[in-house]
Amino acid sequence: GESVGRHLPTLSVQEGDNSIINCAYSNSASDYFIWYKQESGKGPQFIIDIRSNMDKRQGQRVTVLLNKTVKHLSLQIAATQPGDSAVYFCAESTQGAQKLVFGQGTRLTINP
Amino acid sequence: DTAVSQTPKYLVTQMGNDKSIKCEQNLGHDTMYWYKQDSKKFLKIMFSYNNKELIINETVPNRFSPKSPDKAHLNLHINSLELGDSAVYFCASSPPGLAGTGELFFGEGSRLTVL
């Protein structure tokens, strides 16, 4: 299957610190990007999105940065809290493709 | 009220059996999807329907047959279950006109275990 050989990257941070989760995408034609948070036993939930005509977008405690030159997306979480523990996914789409393609996910663990 | 609801949440069955997972959304969305998440958390689209019409079929074996009786429902029927079908299946929906370019709203998932 597609996930053969894959592993789920993990990021461990101290409570109160800032977290940065990175994502590389491969399709240079992608023009819409989105971050999802998936808590254990639940479905993915929307965090923040960004379109390709922007390079930064801020939400509440979260910031998404887009670098189209190197096809890189990052999610910054300020003052990480225990409730931020989850698997985080980036996803991308291309206008007309009518679907989101998900990246592999990163597990964020918060240390007290 | 649950926006995207799937049933059952858990399903354990023997190889070779046929099973169905149901999905309903009360958001008034036009487009619905099925995604499969494997044991390594990899999420892959299987199907999408727009207003009851199939628009994406991602090379899924024909043992999988989605059915959309109306735009609020998208069910997934799986024939002759195999061990490799064990996964969590997520239903999702998206607002009108935003298929693929806007937020997806996911259900809580249906964990299928094939023995």
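Preceding this section is the structure that the text describes.
As a starting point, this report considers the structure included with it. (Residues numbered from 1 in each chain as written. Chains lettered and ligands numbered in written order. Predicted model: local features only at pLDDT ≥ 70, side-chain atom pairs only at ≥ 80, totals over all residues. Heavy atoms only, no water.)

1. A word on the pattern of salt bridges
- On inspection of all chains with the given rule, the structure shows seven salt bridges over all chains.
- Of the charged contacts in the structure, one is a salt bridge between Asp30(B) and Lys71(B), with a shortest N-O distance of 2.9 Å. Residue Asp30(B) is found in the loop between β3 (19-25) and β4 (31-37), and its partner Lys71(B) is found in the loop between β7 (64-70) and β8 (73-78); the two are separated by 41 residues along the sequence.
- Using a relative accessible area of 17% as the deciding quantity, one classes Asp30(B) as buried.
- Among the salt bridges present, the one from Arg63(B) reaches Glu82(B), with a minimum N-O distance of 3.4 Å. Placement of the pair is Arg63(B) in the loop between β6 (53-57) and β7 and Glu82(B) in the loop between β8 and β9 (87-94), with a sequence separation of 19 residues.
- Of the residues examined, Arg63(B) reaches a relative accessible area of 14% and is grouped as buried.
- Residue Glu82(B) is classed as partly exposed on the basis of its relative accessible area of 41%.
- Residues joined in a network through salt bridges with shared partners are Lys99(A), Lys44(B) and Glu58(B). (Salt bridge = Lys/Arg side-chain N within 4 Å of Asp/Glu carboxyl O. Helix = DSSP H or I, 4+ residues; strand = E, 2+ residues; numbered from the N terminus. Buried < 20%, exposed > 50% of the residue type's maximum accessible area, 1.4 Å probe, protein only.)

2. A look at unusual backbone geometry
- For the bond from Thr7(B) to Pro8(B), the omega torsion is -5°, close enough to zero to count as cis.
- As for its placement among the helices and strands, Pro8(B) is situated in the loop between β1 (4-7) and β2 (10-13).
- Even without being a glycine, Arg61(A) presents a positive backbone phi close to 65°.
- Counting through the fold element by element, Arg61(A) comes out in the loop between β5 (56-58) and β6 (62-67).

3. So, the packing of aromatic side chains
- Counted by the stated rule, this structure contains ten aromatic pairs over all chains.
- Here a set of aromatic residues connected by ring pairs shows up, and it is made of Tyr36(A), Phe89(A), Phe102(A), Tyr33(B), Tyr35(B), Phe90(B) and Phe106(B). (Phe/Tyr/Trp six-rings, centres within 6.5 Å; stacked < 30°, edge-to-face > 60°.)

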